[in-house]
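# A look at the structure
Residue strings, one per chain:
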Amino acid sequence: MTEENIKTYEYKAEMKQLLHLIVHSLYTHPEVFLRELISNSSDALNKVRYQQLTDDTLLDKDKELDIKITLDEKAKTFSIEDSGIGMSLDDLTEAIGTVARSGTLEFLQKIKEENKNSGDLIGQFGVGFYSVFMVTDEVTIETRHANKDSKGLRWVSSGEGNYTIEEIDKKTRGTKITFTLKENAVEFAEKFRVQEIIKKYSSFADFPILLGEEKVNTVEALWRKREKDVKDEERNEFYKFITKDFEDPMAHLHLSLEGTDVSFKALLFIPSKAPYDLMQNRLHKTVQLYSNKIMIMEDCKELLPEYLQFVRGVVDTSDIPLNVSRETVQASAVMAKMKDVLVKKVLQWLKEMSEQETDKYITFYKQFGPMFKTGLNSDFMNRDKLTELIRFETSTQEAGKLFSFKDYVSRMKENQKDIYYLSGDSREFAERNPNLEYFKKNDIEVIFLLEAVEIFVVPTIPAYDEKPLKAIDKGDIDLDIGNKEDKKEDDNLSKSLIDLFKTTLKEKVEDVKISKRLVDSAVTLVVKDGGMDHQMEKMMKMMGQNIPEAKRILEVNVDHPVVKNLSRRYLANATDGLLEKCIVQLYESARLIDGDLPSRIDYVKRMIDIMEEATK
Ligand code: ADP
């Protein structure tokens, strides 16, 4: 520092502390220094690009807009040069030499300590440049502002107490940053390593990044173009590039939003197939978050709720700065706003698909339904929209075909007030369930809930289109829609037989009733009014939930031959021992169908006793 024109400037007191904080806390991966430097260069190029449009006197008016990175593995040096706007003496002392805003240090310290929501404030300071001190002990900036009468300047600092600035002879506009790498950061002088980082973070920077002679970033920022200017092929390539998927996506959504709260551009995709790790959210990648074309998060799970995390793609906003920690970004209010908007847009996207491209929507639903459906249980704000979007098999329609509530309602009987559903573990089980007999006979459609998430979630939807949802294995359902039939309710014989059922089964059942819903089967078990769905109860038990066994109502079909025979036998001899055996066997058969037989051994023994009696 002997030369006369070198001036030494003192860092403000907080600078040293701030540097310490940045290097040790805000950034967890030293490689991000490169992202920050490319981002700064990209900003500088953006500024000059704009000025070129408005100011003819600009230095090097027709100079190529690009970023050049030069590495020397032997000398362990790194340099990055751009032909951007450059910096004046004021810029160097203001922007680089001081912390952008007073209070930044305190603020960052607080964020670090409390790790809490920093709100919109994070946008108010710039500290990215200093991340370079994670990989070097001394930095040189050579820069010249794009104003014609500017001078070349050299800034040197070790990021501790002070920095120096001197005038130099620099012919061209722009900024060159050079440094020697620390021993533990020499990897950043290796071409492959640097290439890898650039590809990861800056593939879509809008300016060429040259590593030596080679252009490293090849993919354009498609999401910044207008949708109609992007070819399908290009878009698909982009999708495959960012997701490493081999197949083209099923659908895409191109968004450009200018809001008062938040503005962003996005290019989102639904893969054509659900990846194997989809339900294990920790592994599955979702959306990449960019700040002005520079990636800040490779997998930003905070942008979409869990049930929509099958969506892949890019979200790019200038409302989130590059230079704060991941935790801070995740907790910011900007993120929350973007998430709200994105959820609405994605649901709208799916709605349009479901209306305009029904087959495609069903393909989507078959792939991603298991994840998507869980939204009904977690996103109460959008419940109505989600209710429109779920699909089911139903009793009157072909197996494997899926329908909406809307479809169901359009096919409802004239005097039908409720929407009926039946839970089961397979279509076959549902179809052969005795509780369905009445509905089959009267051609009343019943929705089948065949998957765990439906069985849990659908019963919590009170109504669709003002029509209440009712499980058909509930005691209180309205069975007067179909053809009325005289079920001999006042038949005294039937009544005394029902009483015998009651005294025989005692505590095993809540009640015994003459059934109106059975056609072919002799008995069925139904849940008492307001009781929990039996299938749901079973699943909760399987999941280890400690819930008391709910007693159910046994309904008896008094027109069934077996029941008629029992009545006759009862009339002949009320204490006939076979009666009790048959009653218990009928009751346990209903439980066997539901898969919760109390004892197989007792059941079989009783059956053999009855057979013995019958073959006497
Ligand atoms: P931020 O980029 O968030 O403002 P930085 O600490 O990274 O924070 O940079 C501080 C400022 O230094 C920038 O806002 C910009 O004015 C200036 N600067 C940094 N790098 C360059 C560059 N390559 N060309 C021109 N100006 C730059």
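### Examining the overall build of the protein chain
Across its full length, the protein chain carries 20 helices and 22 strands. Put simply, the protein chain shows about 30600 Å² of open surface, and 48% of that area lies on carbon and sulfur atoms.

### Examining the sheet that holds strand S20 (residues 511–514)
Read across the sheet, three strands follow the order S20-S22-S21 without closing on themselves; strand pairing throughout is mixed. Edge positions in the sheet fall to S20 and strand S21 (523–526), since each has one partner strand and no second. Each strand axis lies, on average, 25° off the axis of its neighbour in the sheet, ignoring direction. Pairing analysis gives four bridges linking S20 to strand S22 (residues 553–556), with the strands arranged parallel.

### Considering the side chain of Ser354
Along the chain, the position of Ser354 falls in helix H8 (residues 333–356). Classification of Ser354 as buried rests on a relative accessible area of 12%.

### Things to note about helix H18 (residues 561–572)
Helix length check: H18 (12 residues) gives 17 Å between terminal C-alpha atoms against 16 Å at 1.5 Å per residue, within 8%. Lining the buried residues of H18 we find helix H16 (492–505), S22 and helix H19 (577–593).

### A short note on the packing of H16 against H19
As a packed pair, H16 and H19 sit with axes 10 Å apart at the nearest point and diverge in direction by 80°. Classed by the angle they form, the pair H16 and H19 counts as roughly perpendicular. Facing Leu500, Phe501, Thr504 and Leu505 of H16, the residues of H19 in contact are Leu579, Glu580, Ile583, Val584, Leu586 and Tyr587.

### Some details on the packing of H18 against H19
H19 packs onto H18 with a crossing angle of 155° between their chain directions and a minimal axis gap of 10 Å. Taken together, the axis directions place H18 and H19 in an arrangement best described as roughly antiparallel. Both H18 and H19 take part in a crossing whose hand is left-handed. Residues Val562, Leu566, Arg569 and Tyr570 of H18 touch H19, and the partners they reach there are Leu578, Leu579, Cys582 and Leu586.

### A closer look at H16
With 14 residues, H16 should cover 20 Å at 1.5 Å per step; its first-to-last C-alpha distance of 20 Å lies within 8% of that length. Taken together, the buried residues of H16 touch S20, S22, H18 and H19. Lys506 occupies a position one or two residues after H16 and carries a positive phi of about 40°.

### Here's the deal with the environment of Thr524
Relative to the elements of secondary structure, Thr524 occurs in strand S21. What makes Thr524 buried here is its relative accessible area of 3%. Once the C-alpha coordinates of Thr524 and Ser589 are considered, the two residues, 65 residues apart in sequence, prove to be 8.7 Å apart. At 2.5 Å, the side chain of Thr524 forms a polar contact with the side chain of Asn435.

Parameters and conventions
- Residues numbered from 1 in each chain as written.
- Predicted model: local features only at pLDDT ≥ 70, side-chain atom pairs only at ≥ 80, totals over all residues.
- Heavy atoms only, no water.
- Helix = DSSP H or I, 4+ residues; strand = E, 2+ residues; numbered from the N terminus.
- Areas by Shrake-Rupley, 256 points an atom, 1.4 Å probe, with all protein chains shown as cover.
- Pairing = 2+ DSSP bridges.
- Axes fitted to C-alpha atoms, helices over the stretch in contact; angles between N-to-C directions.
- Buried < 20%, exposed > 50% of the residue type's maximum accessible area, 1.4 Å probe, protein only.
- Expected span 1.5 Å × (residues − 1).
- Contact = heavy atoms within 4.5 Å.
- Parallel < 35°, antiparallel > 145°, perpendicular 65-115°, else oblique.
- Left-handed = near helix turned anticlockwise from the far one by under 90°.
- Polar contact = N/O pair within 3.5 Å; in protein donor to acceptor, adjacent residues only side chain to side chain.

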